[in-house]
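Fold and geometry: a report
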Amino acid sequence: MPEKPSLRAYLQRYATGEIPREEMLATVAAWDFEDEIRDELVIEPIRQDNTFEIVYTAVVLGQITEEDVQEIERQMDAHG
């Protein structure tokens, strides 16, 4: 079974200029997001690379803007 691509790595590539903005927006809006795993018995966060939380983390890290997130969410809503 092939490993899923990493959203975290994809956004890092975008931040370094390897991916055009419009392509990033469309790709992230269509991403196959995983549900975030939360375990009350685990103190440290479970590292996942394909949750929507990665998008918000990318804003904090300066990899994408809040406007990018708004556009991603708009495109997601448009696709249902």
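The text that follows walks through the structure, step by step, so that each part is easy to find. Every value quoted in this text rests on a predicted model; they were computed, and no experiment measured them. (Residues numbered from 1 in each chain as written. Predicted model: local features only at pLDDT ≥ 70, side-chain atom pairs only at ≥ 80, totals over all residues. Heavy atoms only, no water.)

1. Some points on the nonpolar core
- Counting residues in hydrophobic clusters, the biggest one holds 17 residues, and the most contacted among them are Leu 11, Met 24, Val 28, Val 55, Ile 64 and Ile 72.
- Elements supplying a minimum of two residues to this core: α1 (7–15), α2 (21–29), α3 (53–60) and α4 (66–79).
- Once you skip the residues sitting within four places of it in the chain, Val 55 turns out to touch Leu 7, Leu 11, Val 28, Phe 33, Ile 64, Val 69 and Ile 72. (Core = buried A, V, L, I, M, F, W, Y, C linked by side-chain atoms within 4.5 Å. Buried < 20%, exposed > 50% of the residue type's maximum accessible area, 1.4 Å probe, protein only. Helix = DSSP H or I, 4+ residues; strand = E, 2+ residues; numbered from the N terminus. Contact = heavy atoms within 4.5 Å.)

2. So, the packing of α3 against α4
- Following both chains from N to C, one finds α3 and α4 inclined at 160°, their axes separated by 9 Å at the closest point. Accordingly, the angle class assigned to the pair α3 and α4 is roughly antiparallel. Only Glu 66, Val 69, Ile 72 and Glu 73 of α4 make contact with α3, whose side of the interface consists of Val 55, Tyr 56 and Val 59.
- When the residues that make up the contact of α3 with α4 are grouped by side-chain class, the tally is five nonpolar, no polar and two charged. (Axes fitted to C-alpha atoms, helices over the stretch in contact; angles between N-to-C directions. Parallel < 35°, antiparallel > 145°, perpendicular 65-115°, else oblique. Nonpolar A, V, L, I, M, F, W, Y, C, P; charged D, E, K, R; others polar.)

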